[in-house]
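The residues making up each chain are set out below.
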Amino acid sequence: MRTGSGNATEGRGRRIPRKKWARSFQAMVGAGLIGCLAQAASLSLPTISTVAGGGTSQEEGVPAAQALLKYPEDLAVDGAGNLYLSDRSTLRVRKIDTQGVIRTVAGNGQGGYNGDGIAATSATLVPMGIAVDAQGNLFIAEDVRIRMVSPSGVITTLVGDGNRGFSGDGGPAIAASISSPIDPEVDAQGNLYFIDRGNRRVRKLTPDGVISTVVGNGSFSGTFPEGTRALDVGFEAQGLGISPSGEILLVGGFDHRVYRLDQQGRLWTVAGGGFFGADPMATNVVLHGLRDVASDARGNVYVSQNAIVQMIAPDGAIHLVAGRHNRRDGFADVETGYGGDGGPAVQALLKDVVGLAVTPDGQLFVADRGNARVRKITPVSQPETPAGMFALRWAGDRDGGGGAVVSGDFNGDGRADLATVSKPGRYDYEYWAVGSVCLLLQSSAGAFEDEGSSCINMPAPTAPLPTRPSPTFRGVGLAVADMNGIERRRHRHRARQPATRFPLQLVLRRLEHARGRVGRHRR
């Protein structure tokens, strides 16, 4: 593609100064950001409080807020509204009833295994995760076993022969070998799913006691194409949840994504996998420090991430629920600490959040492990789709050469125009630096003319860019604009593609310092 220098063409032959279309970019971004802020302000913000931990008491039957917790990790809620938590440091599982009183329901404070058929409070164990079913049975993931505590308080082994390893698929779970299971969950049919972490698999226990693998082949292969059959991937899961429709939700421990396992046994990305520090669309962002995943009755997906909790709505938008997360200009700074009880959850401080549990009425419990507390967030109002969320999409072609292309009506003539951003280098994370930006206006005949379009060369960055994505990555910015129905074109092949995305504010910041340099650009 060949482009000329000078001003851009407006409508049918009129030319607009380069500064004018740059200002129009800024106006669109500003309008989108203002719309998002106005929308956020109109929502009632959920509040946060501490329900357990922060005290000094190690007695049974005391108010949970007066209790001493050390390492609260996983959470579960039963049908009556009782909250269960596993504390790996004290080697116990504890229950907080609806009156806020805490008691131990499993574990005697010592690690190991001292047999089944005994009172759960006399059992030695190392709880790595918990779940509760509709009948009130409590499931505890341990080192090489998964055990069950009945409503009468007796503990038995359901999964694991006591040997570390992988075996037993298709047979009785009690004779199978597992390794370091975590995060069990029970679906509406009574199937128990758990992450067999040492074997890099997700496994399933049916109500009749048969074990099988549903995700992973035991290898470690990193990322994989969308819709890949789950049994064919090398997968290292970090967290597990179940959606209202029965789909399995998984947190990938390697590629920082949230996946769903559909009814056909294939994996699809729900959040993560992008390269933006912050963005309205969940699949456009980089998600670091993911730990657990949960879902509410409305189909919202919650994820714990470092010191924040975020929610992915059914429309694919991602929203901050709790913790302080500075997302201005694409930044993704997270503050850690303890504070904010009684106020809006998005102004609170948390530290190393891990397990999540959601009640049927939408209350969200968070294991604030770094603060040795369990905190409760009131139900989140269902947000509207952010303005411009679908305007600029990341198409996932990270290894594509050249740069990115977005489309929108930049001169107000009702036709979709194109803006191209070139970058030196091949891999977005490592070398994302804008080389030039060009505007191509569509003619009345539907063509993008080679002549008469404006290109501006960007100044080279003054400091080396990060070599990999990180929470402090500054190589991209947040762009929000209301441009629905856009399409992406590869100029060389003229092939229609899904709309893509580029760091618009970064481009605009550099435009402001480009000092009017105009050049020619080839792709």
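Above this note sits the structure.
Conventions used here
Residues numbered from 1 in each chain as written. Predicted model: local features only at pLDDT ≥ 70, side-chain atom pairs only at ≥ 80, totals over all residues. Heavy atoms only, no water. Pairing = 2+ DSSP bridges. Helix = DSSP H or I, 4+ residues; strand = E, 2+ residues; numbered from the N terminus. Axes fitted to C-alpha atoms, helices over the stretch in contact; angles between N-to-C directions. Salt bridge = Lys/Arg side-chain N within 4 Å of Asp/Glu carboxyl O. Buried < 20%, exposed > 50% of the residue type's maximum accessible area, 1.4 Å probe, protein only. Lys, Arg positive; Asp, Glu negative; His and termini not counted. Polar contact = N/O pair within 3.5 Å; in protein donor to acceptor, adjacent residues only side chain to side chain. Contact = heavy atoms within 4.5 Å. Core = buried A, V, L, I, M, F, W, Y, C linked by side-chain atoms within 4.5 Å.

Undergrad: Any chance you could break down the sheet that holds strand β3 (residues 48-53) for me, citing the residues and the numbers?
TA: On the basis of which strands lie adjacent, the open sheet formed by four strands has the order β3-β31-β30-β29 and antiparallel pairing. Taken across any chain shown, the strands that pair with only one partner, and hence form the sheet edges, are β3 and β29 (353-358). The average undirected angle you get between the axes of adjacent strands in this sheet is 25 degrees. Summarising the sheet, β3 and strand β31 (residues 373-377) pair through five bridges and their orientation is antiparallel. Residue pairing across strands places S49 opposite K376, the latter belonging to β31.

Undergrad: Which residues make up the pattern of salt bridges, and what are the values?
TA: Counted according to the given criterion, the structure contains 19 salt bridges. For D116, the salt bridge goes to R147, with nearest N and O atoms at 3.1 Å. Residue D116 is found in the loop between β8 (101-106) and β9 (118-119), and its partner R147 is found in strand β12 (residues 146-149); the two are separated by 31 residues along the sequence. When the shortest N-O distance is used, the salt bridge between R164 and D143 registers 2.6 Å. Of this pair, R164 sits in the loop between β13 (154-159) and β14 (181-186) while D143 is found in the loop between β11 (138-141) and β12, placing the two residues 21 residues apart along the sequence. Of the residues examined, R164 reaches a relative accessible area of 48% and is grouped as partly exposed. One salt-bridge network, held together by shared partners, links E73, R88, R291, D352 and R369.

Undergrad: Pulling in residues and values, what's your account of the side chain of D133?
TA: In this structure, D133 sits in the loop between β10 (129-132) and β11. Buried charged residue D133 carries no salt bridge. Nearest counter-charge: K95, at 12 Å. Polar contacts involving the side chain of D133 include one to the main-chain amide nitrogen of G136, which spans 3.0 Å. Once you skip the residues sitting within four places of it in the chain, D133 turns out to touch F139 and V186.

Undergrad: Please provide a residue-by-residue account of the nonpolar core, values included.
TA: One finds V202, V215, F235, L250 and L267 to be the most contacted residues of the largest nonpolar core, which totals 19 residues. At three residues, the largest contribution of residues to this core is made by strand β19 (residues 237-242). In contact with L267, other than residues within four places in its own chain, are V215, F224, E226, G227, T228, A230, V233, F235, L250, Y259, R260 and L261. One finds V309, M311, V321 and L350 within the second-largest nonpolar core, a separate group that totals 17 residues.

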